[in-house]
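Chain and residue survey
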Amino acid sequence: MTALARRRLLAAAALTPLAAWGPIASAQGLPDRPIRLIVGFPPGTGPDMVARLLAQRLAEQLRQQVIVDNRAGAGGQIAAQAVARAAPDGTTLLLGEVGSIAIAPAAFEKLPYAPARELAGISEAVRSDFLFVVPASSPHASLAAFVKAARSRGDRTNLATFGAGTPGHFAADMLGEAAGFTIEPVHYRATGDAVTAIIAGDVAGAFVSTALGLAQIRGGRMRALATTAPARLAALPEVPTFAEAGWPALDVSAWFMLMAPAGTPAALLDLLQRQTVGALQHPETRTKLGEAGFSITGSSRPEAERLLVAEARRWAGVVRSSGFKGD
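Here's what I pulled together on the structure shown here.

So, the packing of aromatic side chains
One pass over the structure, following the stated rule, counts eight aromatic pairs. When the ring of Phe 132 is compared with that of Phe 207, the centres are 5.1 Å apart and the planes differ by 50 degrees; the resulting orientation is tilted. Here Phe 132 is found in strand β4 (residues 119–135), whereas its partner Phe 207 is found in strand β7 (residues 205–209), with 75 residues between them in sequence. The pair formed by Phe 132 and Phe 207 is uniform in burial state, with each residue classed as buried. Aromatic side chains Phe 146 and Phe 181 sit 6.2 Å apart centroid to centroid with 70 degrees between the ring planes, which places their arrangement in the edge-to-face category. With a gap of 35 residues between them, Phe 146 in helix α7 (residues 143–152) and Phe 181 in the loop between α8 (167–179) and β6 (183–187) connect regions that are remote in the sequence. With a relative accessible area of 3%, Phe 146 lands in the buried category. Joined through ring pairs, the aromatic side chains of Phe 132, Phe 146, Phe 181, Phe 207 and Phe 242 make up one cluster.

And the structure:
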């Protein structure tokens, strides 16, 4: 074949629809069957939205079906356990998050899985800071007013959490310790139950992810008093940071990472990492995630693994300081 003929062949290949070449994933060792992306939160939540956007783009890029599997409960631990026990062939993935991956090993003595040994990081996908919110009916319009009232109370201040040992739980502890009042965490197993309790005024307040809080705040059902973000959020420019509100910044954020069972071949992990970063760069995906309060990361595998190690160490110290011991 002449050089001119080779150039013409390559040019024709570049113009050929990708579908004509068959599934990319199967060609690179991923079994030719649907991929399950397991997420530890119910449909309609922020993590579910991230999972569904990722699933859509990964399916388009890999030309392979990607199914979102919601395994809600226990702060994401049910989902993490399911993936830890799955076959390491790249067809069962986890949208892992800080609570079930970095906090739970230090907070729960009988955790039925070991993230460091049984799960492999692929790519940190997104992050979401936290908002301290109160019911829309709350008399407190500022964090200073809330703290003043909490200090003057003769008993504990009830703050909702989305489960014992979750980031919002420890953020509430940090606020109480920093501001000098005693909290009574009210743990809800279901995200919807916690949201309902906050809106109804059954609790005085809560830490919620920006992604979760935005819709409720915009709908007039909750009021945000401060954000853990280092700067004011573009989506909520009227909400001060904790430092601006007169209290030390609370280093609390929710990160979400695509993960696979330990033992998954490195070639498949590399393939999935590249595809995840590509999915996150899609303009529509970036727009939707940004509007929902997420910041996009799209890390490399080494960066993901370093994050896992650093976060496990940091949260182990937080858990020890709090004195919390889960069953």
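Once the structure has been displayed, the description carries forward.
A closer look at helix α4 (residues 77–84)
Burial analysis of α4 places six of its eight residues in the buried class, the great majority of the element. Buried within α4 we find Gln 77, Ala 79, Ala 80, Gln 81, Val 83 and Ala 84.

Structural notes on empty space enclosed by the protein
This structure, assessed with the given rule, holds one cavity of 30 Å³ or more. Reported here for the largest cavity is a volume of approximately 320 Å³. Looking at the largest cavity, it is lined by 21 residues, and the ones nearest its centre are Phe 41, Phe 130, Phe 162, Ser 209 and Phe 256. In terms of residue count, the dominant contributor to the lining of the largest cavity is β7 (three residues). Of the residues assigned to the lining of the largest cavity, the class counts are 13 nonpolar, seven polar and one charged.

Points about the environment of His 169
For His 169, the location among the structural elements is in helix α8. Take His 169: its relative accessible area is 3%, and that puts it in the buried class. Remark: the alpha-carbon pair of His 169 and Phe 207, spanning 38 residues in sequence, is separated by 7.7 Å. Residue contacts for His 169: discarding those within four places in its chain leaves Thr 161, Gly 163, Ala 164, Pro 185, His 187 and Phe 324.

As for the side chain of Asp 48
By the secondary structure assignment, Asp 48 is in helix α3 (residues 46–62). Asp 48 gets classed as buried once you look at its relative accessible area, which sits at 4%. Reaching out from Asp 48, the side chain makes a polar contact with the side chain of Arg 52 at a distance of 2.8 Å. Every residue in contact with Asp 48, bar those within four places of it in the chain, is listed here: Val 39, Pro 42, Pro 43, Val 68 and Asn 70.

Things to note about the pattern of salt bridges
Under the counting rule described, the total for this entry stands at 13 salt bridges. Across the pair Arg 36 and Asp 69 runs a salt bridge, and its minimum N-O distance is 3.2 Å. Of this pair, Arg 36 sits in strand β1 (residues 35–39) while Asp 69 sits in strand β2 (residues 66–70); the two residues are 33 residues apart in sequence, bridging distant segments of the chain. According to the relative accessible area criterion, Arg 36 is partly exposed, its value standing at 30%. Judged by its relative accessible area of 17%, Asp 69 is buried. Between Arg 127 and Glu 124 there is a salt bridge, with the nearest N and O atoms lying 2.5 Å from each other. For Arg 127, a relative accessible area of 26% gives the class partly exposed. Sharing partners across several salt bridges, the network here consists of Arg 57, Glu 60, Glu 284 and Lys 288.

Brief notes about the pairing of strand β5 (residues 157–161)
By the criterion of burial, β5 is predominantly enclosed, with four of the five residues buried. Note on the crossover from β5 through α8 to β6: the handedness is right-handed. Bridge analysis of β5 against β7 gives two bridges, and the strand direction is parallel. In the strand pairing of β7, Ala 160 is matched with Ala 206.

Regarding the environment of Gly 75
Position of Gly 75 among the secondary structure elements: in the loop between β2 and α4. A sequence separation of 35 residues divides Gly 75 from Gly 40, and the C-alpha atoms of the two residues are 7.0 Å apart. Leave out the neighbours within four places in its chain, and Gly 75 touches Phe 41, Glu 97, Ser 100 and Thr 166.

Rules behind the numbers
Residues numbered from 1 in each chain as written. Predicted model: local features only at pLDDT ≥ 70, side-chain atom pairs only at ≥ 80, totals over all residues. Heavy atoms only, no water. Phe/Tyr/Trp six-rings, centres within 6.5 Å; stacked < 30°, edge-to-face > 60°. Helix = DSSP H or I, 4+ residues; strand = E, 2+ residues; numbered from the N terminus. Buried < 20%, exposed > 50% of the residue type's maximum accessible area, 1.4 Å probe, protein only. 1 Å grid on protein atoms, 1.4 Å probe; cavity = no way out; pocket = protein on both sides within 12 Å on 5 of 7 lines; lining within 4 Å. Points joined across faces, edges and corners; volume = space filled by probe spheres on them. Nonpolar A, V, L, I, M, F, W, Y, C, P; charged D, E, K, R; others polar. Contact = heavy atoms within 4.5 Å. Polar contact = N/O pair within 3.5 Å; in protein donor to acceptor, adjacent residues only side chain to side chain. Salt bridge = Lys/Arg side-chain N within 4 Å of Asp/Glu carboxyl O. Right-handed = clockwise from strand over helix to strand, strands pointing away. Pairing = 2+ DSSP bridges.

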